[in-house]
Amino acid sequence: LAWLPLVRRSLPFGITILLAISLRLVFLFQEPFLSGDVYRYLSDGRVSASGGNPYAYTPSDPRINHPEIRSIYPPLAQLLFRAVHDLTAWRLLLIVADLAAIVLLRRRGALAYATCPLVLFEGVGNAHIDLLAGVLLAFALTRRSAIAAGLASGLKIIPAAAVPALLRQTTSRVRSVVTLGLTLLLPAIPFLR
């Protein structure tokens with residue numbers, strides 16, 4: 001409730017960015033407290049970085065929810081987990097993406113997003129990949145980018161629901177569908193063994 005008055009307010013953009021960074025740094029070194037999903041990301045990333053296939057193993061880390069299930073995350077997400085499989089580094093990546101979202105919202109809604117409890121607690125605090133997928137989806141829709149839509153959908157399946165809206169806005173649907181398809185298919189190649 002304390003956040004609601006900020007929805008329609010704004011501050012100078014520099015102050016909004018400083019506030020956003022300050023709020024996000026609070027979570028940088030904390031353990032996730034509402035969800036353990038990030039431990040699956042980190043585990044999948046370590047397996048992949050060591051040459052293993054995260055789709056062919058079940059993790060032994062006791063912090064992982066449902067360790068009896070093999071990874072459910074799409075190939076692009078797996079490539080990202082392989083590149084960044086340390087909690088602090090992962091959060092820094094999310095914070096950078098989050099700041100990019102604030103820049104996208106610069107003209108309207110930046111302060112509301114910068115201080116949104118859901119973004120802070122679930123996005124940064126619990127380090128969910130949804131934050132990165134959401135930023136890419138926002139970029140895809142505002143810039144009519146099939147590549148960004150493919151990247152968002154390649155990180156988490158939910159953004160794929162916005163693809164029809166993107167295709168309605170584009171002038172070259174065939175090119176957009178091909179670009180989107182390649183963006184989704186190419187990351188799967190390393191896992192086809």
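Everything here concerns the structure above.
Our subject in this report is the structure included herewith.

Thresholds, definitions, all that
Residues numbered from 1 in each chain as written. Predicted model: local features only at pLDDT ≥ 70, side-chain atom pairs only at ≥ 80, totals over all residues. Heavy atoms only, no water. 1 Å grid on protein atoms, 1.4 Å probe; cavity = no way out; pocket = protein on both sides within 12 Å on 5 of 7 lines; lining within 4 Å. Points joined across faces, edges and corners; volume = space filled by probe spheres on them. Helix = DSSP H or I, 4+ residues; strand = E, 2+ residues; numbered from the N terminus. Nonpolar A, V, L, I, M, F, W, Y, C, P; charged D, E, K, R; others polar. Patch = residues over 30% accessible without salt bridge, like charges linked within 9 Å, V, L, I, M, F, W, Y side chains within 5 Å. Areas by Shrake-Rupley, 256 points an atom, 1.4 Å probe, with all protein chains shown as cover. Salt bridge = Lys/Arg side-chain N within 4 Å of Asp/Glu carboxyl O. Core = buried A, V, L, I, M, F, W, Y, C linked by side-chain atoms within 4.5 Å. Buried < 20%, exposed > 50% of the residue type's maximum accessible area, 1.4 Å probe, protein only.

Section: the layout of surface pockets
Reasoning step 1: In this model, the largest pocket occupies a volume close to 250 Å³.
Reasoning step 2: Lining of the largest pocket is provided by 15 residues; of these, Tyr-113, Val-119, Leu-131, Gly-134 and Val-135 occupy positions nearest its centre.
Reasoning step 3: Where the lining of the largest pocket is concerned, the elements lending two or more residues are helix H4 (87–104), helix H6 (117–125) and helix H7 (130–143).
Reasoning step 4: Per element, the largest residue contribution to the lining of the largest pocket is 6 residues, and it comes from H7.
Reasoning step 5: Class assignment of the residues belonging to the lining of the largest pocket gives a composition of 9 nonpolar, 4 polar and 2 charged.
Reasoning step 6: What lines the second largest pocket is Gly-36, Asp-37, Arg-40, Ile-64, Asn-65, His-66, Ile-69, Arg-70, Ser-71, Ile-72, Tyr-73 and Lys-156.

A closer look at a nonpolar patch on the surface
Reasoning step 1: A grouping of Val-174, Val-178, Leu-182, Leu-186, Ile-189 and Leu-192 is seen on the molecular surface, where their side chains present a nonpolar patch of about 630 Å² in accessible area.
Reasoning step 2: Within the fold, Leu-192 resides in the segment after helix H10 (173–185).

A look at the nonpolar core
Reasoning step 1: Val-38, Trp-90, Ile-102, Leu-131 and Leu-155 are the most contacted members of the largest nonpolar core, which totals 42 residues.
Reasoning step 2: Only helix H1 (13–25), helix H2 (37–49), helix H3 (75–83), H4, helix H5 (110–114), H6, H7 and helix H8 (146–155) provide two or more residues apiece to this core.
Reasoning step 3: Element by element, the count of residues in this core is highest for H4, at 8 residues.
Reasoning step 4: Counting residues in hydrophobic clusters, the runner-up holds 7 residues, among them Ala-148, Ala-149, Val-163 and Leu-180.

Describing unusual backbone geometry
Reasoning step 1: For His-66, which is not glycine, the phi torsion reads 50° and is therefore positive.
Reasoning step 2: Inspection of the secondary structure puts His-66 in the loop between H2 and H3.
Reasoning step 3: Classification of His-66 as exposed rests on a relative accessible area of 52%.
Reasoning step 4: Positive phi, close to 55°, is recorded for Ala-127, a residue that is not glycine.
Reasoning step 5: With respect to the helices and strands, the residue Ala-127 is situated in the loop between H6 and H7.

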